[in-house]
Amino acid sequence: MNPRNQEEHRAKYQEYADLPEDTPQERRAKAAAAQAIEKEYNIRSFPNVFFDYPFVDAYGLHRPDLLHMMYLGMIRHIMEWIESFLRFHSRLGDFDAIWRTIPRYTSQRNFNKPYRQITQLQGRDYRYIGKIIYPVLAASLNNPHPSQRKPFRDAIQCTRALVSFGFTAQYRWQDETTIGNLQTYLRDFHRHKHAMKEAYDKVISDGGDFDFVKIHLLAHFEEAIRAIGNLPSHSSDCSEKCHKIMLKDAMPHCNYVTVFQKQILNYNDRLHSLNLRALN
């Protein structure tokens, strides 16, 4: 996907804004122009407030966040699709049996009950799920009926492509080969996701819409990598970790009565002083 040009889009919007709209014919022509620029350039017929800020690129403000877009986003979504797919093909019991037999690994959560019975999962849990979901799904779809071979194969390929896309996006060093792999995995994901959608539409009563923001933003990973180098450096893992250490861990040491913000700061200051004293 080619990067969007802010100056070009601003000029196109200004051309649209300068069109007259005094008569009905002019208003119809302006409405047709709005549809034309939206279709050709994918921009709306109202101004972007960031276009007038100096030294600001409106299209460069967003950076892909691996934590919320991949782990808490797409991995979480595909687990919902897999659950509906397995329920539709009566393979949910096999999946649960294999899921519970996964041995515990260092610093990873041990899932001792079915996935649909787990009430709370964090980002690190979904990161671990991304490592195991492909072999677990492939094993649970073993020995298909002849009529199930194609949807099973498509579901496995869809899961494999999305997981591989996430793993490749985590690389600290990217080159043309890895970026090309990202594009290949994304194409494979879109090529095979129809099997998941068909089962999801039949199981979920309100139907399924696989055209949402997080799927669209996957296409901008290449653009972001070429602009900033690598994505893990811009992930919110660090800020989430600091939030836990500096706020959540300190909150139980407050009395919840007086100004707790000051108590949190004092607690972190004392803890930092004690840690420095221990080093000396």
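Up top you'll find the structure we're talking about.
An account of the accompanying structure is given in this report. (Residues numbered from 1 in each chain as written. Predicted model: local features only at pLDDT ≥ 70, side-chain atom pairs only at ≥ 80, totals over all residues. Heavy atoms only, no water.)

1. Regarding the overall build of the chain
Argument step 1. Counting its regular elements, the chain contains 12 helices and 0 strands.
Argument step 2. Along the chain, from the amino end to the carboxyl end, the secondary structure elements read α-α-α-α-α-α-α-α-α-α-α-α.
Argument step 3. Computed over its C-alpha atoms, the radius of gyration of the chain comes to 25 Å, more than 25% above the 19 Å expected for a compact globule of 280 residues.
Argument step 4. Considering only C-alpha atoms, the chain reaches an extent of 70 × 65 × 45 Å along its principal axes.
Argument step 5. Relative to its full complement of 280 residues, the chain shows a buried share of 38%.
Argument step 6. Sequence-distant contacts, at least 24 apart, represent 63% of the contacts inside the chain between residues at least 6 apart. (Helix = DSSP H or I, 4+ residues; strand = E, 2+ residues; numbered from the N terminus. Rg over C-alpha atoms; globule rule 2.2 N^0.38 Å. Buried < 20%, exposed > 50% of the residue type's maximum accessible area, 1.4 Å probe, protein only. Contact = heavy atoms within 4.5 Å.)

2. Some words on the nonpolar core
Argument step 1. Grouped together as the largest cluster of nonpolar side chains are 53 residues, with contacts concentrated most on M70, F95, W99, I129, F189 and F221.
Argument step 2. Going through the elements one at a time, α3 (66-88), α4 (92-100), α5 (123-140), α6 (149-169), α7 (176-192), α8 (194-203), α9 (213-217) and α10 (221-228) are the ones with two or more residues in this core.
Argument step 3. With 13 residues, the top contributor of residues to this core is α3.
Argument step 4. Other than its neighbours up to four places away in sequence, M70 contacts D65, I75, L162, F165, G166, L218 and F221. (Core = buried A, V, L, I, M, F, W, Y, C linked by side-chain atoms within 4.5 Å.)

3. Thoughts on the environment of V213
Argument step 1. Within the secondary structure layout, V213 lies in helix α9.
Argument step 2. Under the relative-accessibility criterion, V213 is labelled exposed at 58%.
Argument step 3. On a C-alpha basis, the gap between V213 and M69 in space is 9.7 Å, while along the polypeptide they are 144 residues apart.

4. Observations concerning α10
Argument step 1. Of all the residues in α10, the buried ones are F221, E222, E223, A224 and I225.
Argument step 2. Looking at the buried residues of α10, the elements they touch are α3, α6, α7 and α9.
Argument step 3. Directly beyond the C-terminal end of α10, a positive phi value near 100 degrees is found at G229.

5. Structural notes on the packing of α4 against α5
Argument step 1. Packing of α4 against α5 leaves a shortest axis separation of 9 Å and a crossing angle of 130 degrees. Between α4 and α5, the interaxial angle falls into the category oblique. In the packing of α4 onto α5, the handedness of the crossing is right-handed. Contacts between α4 and α5 involve D94, F95, I98 and W99 on the former and, on the latter, I129, I132, I133, V136, L137, A139 and S140.
Argument step 2. Taken together, the residues of the contact of α4 with α5 sort by class into 9 nonpolar, 1 polar and 1 charged. (Axes fitted to C-alpha atoms, helices over the stretch in contact; angles between N-to-C directions. Parallel < 35°, antiparallel > 145°, perpendicular 65-115°, else oblique. Left-handed = near helix turned anticlockwise from the far one by under 90°. Nonpolar A, V, L, I, M, F, W, Y, C, P; charged D, E, K, R; others polar.)

6. A look at unusual backbone geometry
Argument step 1. Of note, F55 is a non-glycine position whose phi angle comes to about 60 degrees, a positive value.
Argument step 2. Note on placement: F55 falls in the loop between α2 (24-41) and α3.
Argument step 3. Positive phi values are uncommon outside glycine, yet N143 reaches one of about 55 degrees.
Argument step 4. Position of N143 among the secondary structure elements: in the loop between α5 and α6.
Argument step 5. Of the residues examined, N143 reaches a relative accessible area of 62% and is grouped as exposed.

7. Considering the pattern of salt bridges
Argument step 1. Enumeration according to the criterion identifies 7 salt bridges in this entry.
Argument step 2. With a closest N to O distance of 2.9 Å, E176 and R226 form a salt bridge. Within this pair, whereas E176 is found in helix α7, its partner R226 is found in helix α10, the two being separated by 50 residues in sequence.
Argument step 3. By relative accessible area, which is 55% here, E176 ends up exposed.
Argument step 4. Under the relative-accessibility criterion, R226 is labelled partly exposed at 46%.
Argument step 5. Salt bridges sharing partners connect three or more residues here, namely E176, E222 and R226. (Salt bridge = Lys/Arg side-chain N within 4 Å of Asp/Glu carboxyl O.)

8. Comments concerning the packing of α3 against α5
Argument step 1. The interhelical angle for the contact between α3 and α5, taken along N-to-C directions, is 35 degrees, at an axis separation of 9 Å. Crossing of α3 over α5 shows left-handed handedness. Residue-level contacts link L67, Y71, L72, I75, R76, M79, I82 and L86 of α3 to G123, Y126, R127, I129, G130, I133, L137 and S140 of α5.
Argument step 2. In terms of residue class, the contact of α3 with α5 is built from 11 nonpolar, 3 polar and 2 charged.

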